[in-house]
Amino acid sequence: MVFVPDTVPGDRAQIRLIQVKSDSAIGTLHHLTAPSEHRIRPSCIVADKCGGCQWQHISWRYQLTAKQNIVTQALQRIGGFTLPPVDPVLTSPDLKTLGYRNKATYPLATSSTGQIQAGYYQKGSHRLINLNQCPVQDDRLNPLLKNIKQDIQQRGWKTYDEKQQTGELRHLSLRIGRRTGEILLTLVARSGNLPGIEEQAAKWLQLYPQIVGVCLNINPRNTNVIFGSKTHCILGQPYLREIFSGLEFQLRADTFFQVNSEAAETLLQIIAEELNLMGNEVLIDAYCGIGTFTLPLARLVDKAIGLEVQEAAVEQAQLNAALNYLTNVSFYGGAVEMLLPELDIQPDVVLLDPPRKGCDREVLTSLVELQPSRIAYISCKPSTLARDLKFLCQNGGYQLTRVQPADFFPQTPHVECVAFLVR
């Protein structure tokens with residue numbers, strides 16, 4: 001098997017092998033002799049350079065087919081499921097394949113001619129591809145990018161050089177409420193030494209009424225992690241309001257929230273329907289974040305409990321519950337593997353939404369011991385999902401009844417999905 005990036009199934013091409021192993025090889029595209037029927041012209045002029053969207057050259061309908069196959073193959077190879085019940089990929093109601101992201105975080109740099117740049121890194125490098133707009137970001141964010149770069153230039157603020165570890169500005173983050181239109185602007189800096197930042201924040205709020213707050217995040221570490229632990233609101237408010245599944249949420253600069261709001265709402269509807277909640281259940285949402293799924297589902301059960309390791313997210317979840325007058329939900333801070341065995345509660349339903357690495361073995365063992373009648377497992381990485389489902393089915397007596405992939409990230413190979421287990 002030969003893996004060749006930037007190709008499409010059905011392409012006829014000349015390739016150059018760059019790495020050969022006993023069972024596989026990696027090549028690069030040298031010359032395309034005959035394009036696949038699934039190959040299209042990318043919407044973005046820098047799609048072949050930018051590392052943000054790897055699949056813009058593939059037709060969207062075929063992207064859906066490929067993503068369904070990715071999930072199916074992971075469940076077969078890693079999970080050992082002979083005929084996994086994988087549905088066709090779920091799309092957002094408006095079939096939006098561009099302009100869907102509610103958050104854009106751009107690395108900042110200075111060109112050889114001294115110009116401030118913002119964009120994404122070229123594939124496999126730390127060379128910045130300068131952008132004035134991005135087709136997958138919410139269209140309302142694009143007009144800000146060019147002007148904010150110019151303002152930074154005029155202020156004389158220096159961008160961070162990771163090799164020399166000099167300069168200040170590291171990232172520009174723009175987040176928008178898809179339903180409210182409110183925008184939160186955040187600069188990520190090494191120490192926060194940005195002369196005139198208060199004056200500039202006031203100008204941004206005056207020029208762009210949709211910006212509700214300007215924040216400054218401090219990240220002094222030499223790391224690829226974008227946000228540091230401290231965020232200060234320079235002017236306005238430190239959050240924006242968003243309406244999700246009929247509830248109001250407050251989102252801060254570093255809050256984790258699904259970047260595709262519409263697709264996430266659609267997946268939540270599938271989860272609620274499949275779980276067939278009758279109103280008398282006890283539901284545990286492990287890895288609950290700010291309660292994105294906990295709070296809407298709390299309206300359908302007797303009691304909901306959210307578990308989350310990040311204390312700041314727990315505080316936001318509690319705030320969001322209070323904003324929506326939901327009194328049957330509780331949130332606990334700490335590692336899920338520590339909290340789950342200590343809960344003196346027998347859940348009827350457990351919702352899992354772990355990070356890409358999947359669930360810790362202690363979490364899965366606790367679920368086997370608790371034996372909830374239904375489990376819904378949300379995952380952004382099919383391989384770890386397959387591994388964990390295999391453990392639960394083999395050791396907990398669960399049956400995999402349905403796997404629903406969802407297209408949270410059009411134009412990329414990433415696929416979100418939810419798997420349903422019953423006992």
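Residues numbered from 1 in each chain as written. Predicted model: local features only at pLDDT ≥ 70, side-chain atom pairs only at ≥ 80, totals over all residues. Heavy atoms only, no water.

Caption draft 1: Region of the structure containing the overall build of the chain. Summing up its helical and strand segments, the chain has nine helices and 19 strands in all. For a compact globule of 423 residues, the expected C-alpha radius of gyration is about 22 Å, and the chain comes in at 23 Å, within 12% of that figure. Its C-alpha atoms put the chain at 65 × 60 × 40 Å along the principal axes. Among the 423 residues that make up the chain, the fraction classed as buried is 53%. Across the chain, the fraction of contacts at a sequence separation of at least 24, relative to all contacts at a separation of at least 6, is 63%. Accessible area for the chain stands at about 19500 Å²; split by element, carbon and sulfur atoms hold 49% of it. Looking at charge distribution, the chain has the averaged site of its 41 positive side-chain charges lying 9 Å from that of its 40 negative ones. (Helix = DSSP H or I, 4+ residues; strand = E, 2+ residues; numbered from the N terminus. Rg over C-alpha atoms; globule rule 2.2 N^0.38 Å. Buried < 20%, exposed > 50% of the residue type's maximum accessible area, 1.4 Å probe, protein only. Contact = heavy atoms within 4.5 Å. Areas by Shrake-Rupley, 256 points an atom, 1.4 Å probe, with all protein chains shown as cover. Lys, Arg positive; Asp, Glu negative; His and termini not counted. Charge placed at Lys NZ, Arg CZ, Asp CG, Glu CD.)

Caption draft 2: Structural view of unusual backbone geometry. Its identity is not glycine, yet Q165 carries a phi of approximately 55 degrees, on the positive side. Within the secondary structure, Q165 sits in the loop between helix 2 (142-155) and strand 7 (169-176). Residue class for Q165 comes out partly exposed when judged on its relative accessible area of 39%.

Caption draft 3: Local environment of the packing of helix 2 against helix 3 (residues 197-207). At a minimum axis separation of 12 Å, helix 2 and helix 3 run at an interaxial angle of 155 degrees. The angle between the axes of helix 2 and helix 3 places the two elements in the roughly antiparallel class. Considering the relative orientation of helix 2 and helix 3, their crossing is right-handed. Mapping the contact onto sequence places I148, D151 and R155 in helix 2 and E199, Q200, K203 and W204 in helix 3. Considering only residue class, the contact of helix 2 with helix 3 consists of two nonpolar, one polar and four charged. (Axes fitted to C-alpha atoms, helices over the stretch in contact; angles between N-to-C directions. Parallel < 35°, antiparallel > 145°, perpendicular 65-115°, else oblique. Left-handed = near helix turned anticlockwise from the far one by under 90°. Nonpolar A, V, L, I, M, F, W, Y, C, P; charged D, E, K, R; others polar.)

Caption draft 4: Local environment of the environment of P9. Assignment of secondary structure puts P9 in the loop between strand 1 (2-3) and strand 2 (12-20). For the pair P9 and H38, spaced 29 residues apart in sequence, the C-alpha to C-alpha distance is 7.6 Å. Each residue touching P9, except ones within four places of it in the same chain, is listed here: S36, H38 and Y62.

Caption draft 5: Fine view of the packing of aromatic side chains. If you walk through the whole model with that rule in mind, you get six aromatic pairs. Ring geometry for F244 versus F293: centroids 6.3 Å apart, planes at 15 degrees, classification stacked. Residue F244 is located in strand 11 (residues 239-244), and its partner F293 is located in the loop between strand 13 (282-286) and helix 5 (294-298); the two are separated by 49 residues in the primary sequence. For the pair F244 and F293, one class covers both residues: buried. Their ring planes at 55 degrees and their centres at 6.2 Å tell us that F249 and F257 sit as a pair that is tilted. (Phe/Tyr/Trp six-rings, centres within 6.5 Å; stacked < 30°, edge-to-face > 60°.)

Worth remembering: the numbers are spatial, not functional.
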